[in-house]
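Structural features, examined
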Amino acid sequence: MEKGVILIEIRQITSFQFIKVVPTSSVREVLQAFLHFRQDIACVLNNKKFVGIVTKYSLYRCLLDSGDLAKEITPYIKKNVVTLNENDNVYYAKDLLVQENVGHAIVLNDQQRVVGVLTKSELIRGLITESQSLTERLNLLINNLEESVISVNLDLTITSVNTSATNILNYEKNQLINHSIEEISPAISNYLKSTIQSKTIIKHKQLSIGTTSVIASFIPLLQWQTVTGGMVVLKDITDYEQVARDLVSTKQSANYFTHIISRSERMEDLKQQALIAAQSFSTILISGKSGTGKELIADGIHFSSGRKGKFIKINCAAIPEELLEAEIFGYTSGAFTGAKKGGKPGKFELAHEGTLFLDEIGDMPLSLQAKLLRVLQEREFERVGGTKTIKVDVRIIAATNKNLIELIAKGNFREDLYYRINVIQLHIPPLNERMEDIPLLCNHFIEKCNAKTKRTIVGISNGGIEKLQQYDWPGNVRQLENIIERAYHFTNTKWIEPLHIQFEELTHGLQQTQPTFHSFNNGYFTNQKNLLKESEKSLIIQALIQTNGNRTKAAHLLGISRSTLYEKIKNYAIKEQTHYM
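1. Details of helix H1 (residues 27-37)
- The set of residues buried in H1 consists of Val-27, Val-30, Leu-31, Ala-33 and Phe-34. With its buried residues spanning 155° around the axis, H1 presents them on a single face. In this structure, H1 carries Leu-35 and His-36 as exposed residues pointing more than 90 degrees from its buried face.
- On its buried side, H1 packs onto strand E1 (19-21), strand E2 (41-46), strand E3 (49-55) and helix H2 (56-65).
- At the exit of H1 stands Arg-38, carrying a positive phi of roughly 55°.

Rendered as structure tokens:
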């Protein structure tokens, strides 16, 4: 038997009233003792030491041989006898008596002295008691199992259930016993039929019982190689399924937001909120200062949302107002001077069944805000210059570094649009509120630089980290990346030290990084028309720089024809040598 299982021991069932005789005892004395104690066996002791036994049947042979009752019993002592230790259990005793084919055994203590005689009847009573005890313990064990256990006979009538089964089936025990399992659960009934008919165990079948998910195993019950019924063991996995969903959610969060480097509690909470928001269909507004990583959050939201379409981005502050509408909604052929033949789809069309990220939405002109509001409400729009209504399925993520409530108060942002885009708001904390992320971010930026060069910078010293953590970071993570990149190039060792870290001096008016075309604040522009012209000129120059002066590629980048680009270069007197070489 297994260690730890308590079984009935021989001393608990052995009779201690046994007949003791010595080798010189006469046949008459022993027979008189047999009659008096109504026993069939006597233990022969010599100076309290066990010698052997004499039985009633051996003395019968003595009488038949000589008829002398005064004769000593010595010739009739059986010395090769079966013995047990008083600490042996009933199962060992049973196996030994069956093996030796005897009906009794002498019980000895650890000092090899006789303490009693075990007879077959006493052993049977002990086995019955042990069986009852085991049954009680087994019932107690089964009733305290987390798993549900149900047994049935060949007619699929329930013969036993434990407490867990009554809970999972939502029935009282008396409503289950002697009732057909088919009435309670047809699914369980079908599997029990199969296991009884096939005489094989059926493992790990997932079933639903009401709102409970279970894993079920079905076992045929055999007695003497004959099937007498079946048993099902049910394991409630409802909680495990929830844990699995949580783990999947966590894994998805890790997969889709690993590009956002953080260890701070606020950022980790933000990632979880972003993952939850991604599963919804609602519009999301991401707020936060410039350089905090609003686009990275939007990127993670799209790719964890499961939407089939593309992730399309547009910066509302980086494109002049006269071009922004065409960029967002597209245009038809001939919609305006320089419009591409055949027209051009806008960002909304490109983002069909996907996500459109409207960065710096606070800079969107009021005229476009009204058109955007209509698309959000009706899910349809017309291209610039077109009359055909285009229906789209687009998820909007907007971002801003401005206080939209203040813009509403000044009349620069529509209140109805604000409430339409602000269904779910995610706020990204500035870097100076999550300084614990600086070491991780520094290592990340250094690894990026290592990947681009043949150098191997190990990292940044503790002194360097302390210097960075004492700074206020008006430019946030973007500014940190620039400073680390500069320090990387100027260090001549394997480590970035404090002396390699230089902070640029920013005036109060430049705390927020603004697009280039907004930086003309010297009074040169006298009206909005001139501002737009200068913005367009700046945008053309930027396109030419980005394409190394290739005018065909620059025109494609700007979404205008090559001839239109030549005309604007001429009008704005853009010179190759001075402006973009």
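On we go from here.
2. Some details on the sheet that holds strand E4 (residues 83-85)
- Strand order in this open sheet of three strands is E4-E5-E6, and the pairing throughout is mixed. The open sheet has two edge strands, E4 and strand E6 (114-119), and neither has a second partner. Neighbouring strand axes in the sheet, compared pairwise and without regard to direction, differ in orientation by 35° on average.
- Relative to E6, strand E5 (residues 104-108) runs antiparallel, the two being bridged by five bridges. Note on E6: the bridge partner recorded for His-104 is Thr-119.
- Across the sheet, helix H3 (residues 90-100) touches E4, E5 and E6, and the angle it forms with E4 is around 170°.

3. Quick notes on the packing of helix H16 (residues 438-452) against helix H17 (residues 462-469)
- One way to put it is that H16 packs onto H17 with a least axis distance of 10 Å and a crossing angle of 115°. The way H16 lies across H17 gives a crossing that is right-handed. The residues of H17 that touch H16, namely those facing Ile-438, Pro-439 and Cys-442, are Ile-465, Leu-468 and Gln-469.
- For the contact of H16 with H17, the class distribution of residues is five nonpolar, one polar and no charged.

4. Remarks on H2
- Among all positions of H2, only Lys-56, Ser-58, Leu-59 and Cys-62 are buried. Taken around the axis of H2, the buried residues stretch over an arc of 160°, which confines them to a single face. Facing away from the buried surface of H2 by more than 90 degrees, the exposed residues are Tyr-57, Leu-64 and Asp-65.
- Check the buried side of H2 and you find it contacts H1 and E3.
- One or two positions beyond H2, positive phi appears at Gly-67, with a value near 75°.

5. Overview of the environment of Lys-56
- With respect to the helices and strands, Lys-56 occurs in helix H2.
- Sequence separation between Lys-56 and Gln-39 is 17 residues, and the spatial gap between their C-alpha atoms is 8.4 Å.
- In terms of polar contacts, Lys-56 uses its side chain to reach the side chain of Asp-40, at 3.0 Å.

6. Comments concerning the pairing of strand E8 (residues 158-161)
- In this structure, strand E7 (residues 148-153) lies alongside E8, joined through three bridges in antiparallel fashion. In the strand pairing of E8, Ile-150 is matched with Val-161.

7. Observations concerning the packing of aromatic side chains
- Taken as a whole and assessed by the stated rule, the structure comprises eleven aromatic pairs.
- Between Tyr-471 and Trp-473, the aromatic rings sit 4.8 Å apart at their centres with planes inclined by 90°, giving edge-to-face as the arrangement. With respect to class, Tyr-471 is no different from Trp-473; both count as buried.
- Taking 5.7 Å as the distance between ring centres and 85° as the angle between the ring planes, the aromatic pair formed by Trp-473 and Phe-503 counts as edge-to-face. Here Phe-503 lies in the loop between strand E22 (495-496) and helix H19 (528-546) and Trp-473 lies in the loop between H17 and helix H18 (476-490), a separation of 30 residues in the sequence.
- Residue classification places Trp-473 among the buried positions, given a relative accessible area of 1%.
- Since its relative accessible area comes to 23%, Phe-503 is described here as partly exposed.
- Taken together, Phe-303, Phe-311 and Phe-357 form an aromatic cluster joined through their ring pairs.

Calculation notes
- Residues numbered from 1 in each chain as written.
- Predicted model: local features only at pLDDT ≥ 70, side-chain atom pairs only at ≥ 80, totals over all residues.
- Heavy atoms only, no water.
- Buried < 20%, exposed > 50% of the residue type's maximum accessible area, 1.4 Å probe, protein only.
- Helix = DSSP H or I, 4+ residues; strand = E, 2+ residues; numbered from the N terminus.
- Arc of directions from axis to C-beta.
- Contact = heavy atoms within 4.5 Å.
- Pairing = 2+ DSSP bridges.
- Axes fitted to C-alpha atoms, helices over the stretch in contact; angles between N-to-C directions.
- Left-handed = near helix turned anticlockwise from the far one by under 90°.
- Nonpolar A, V, L, I, M, F, W, Y, C, P; charged D, E, K, R; others polar.
- Polar contact = N/O pair within 3.5 Å; in protein donor to acceptor, adjacent residues only side chain to side chain.
- Phe/Tyr/Trp six-rings, centres within 6.5 Å; stacked < 30°, edge-to-face > 60°.

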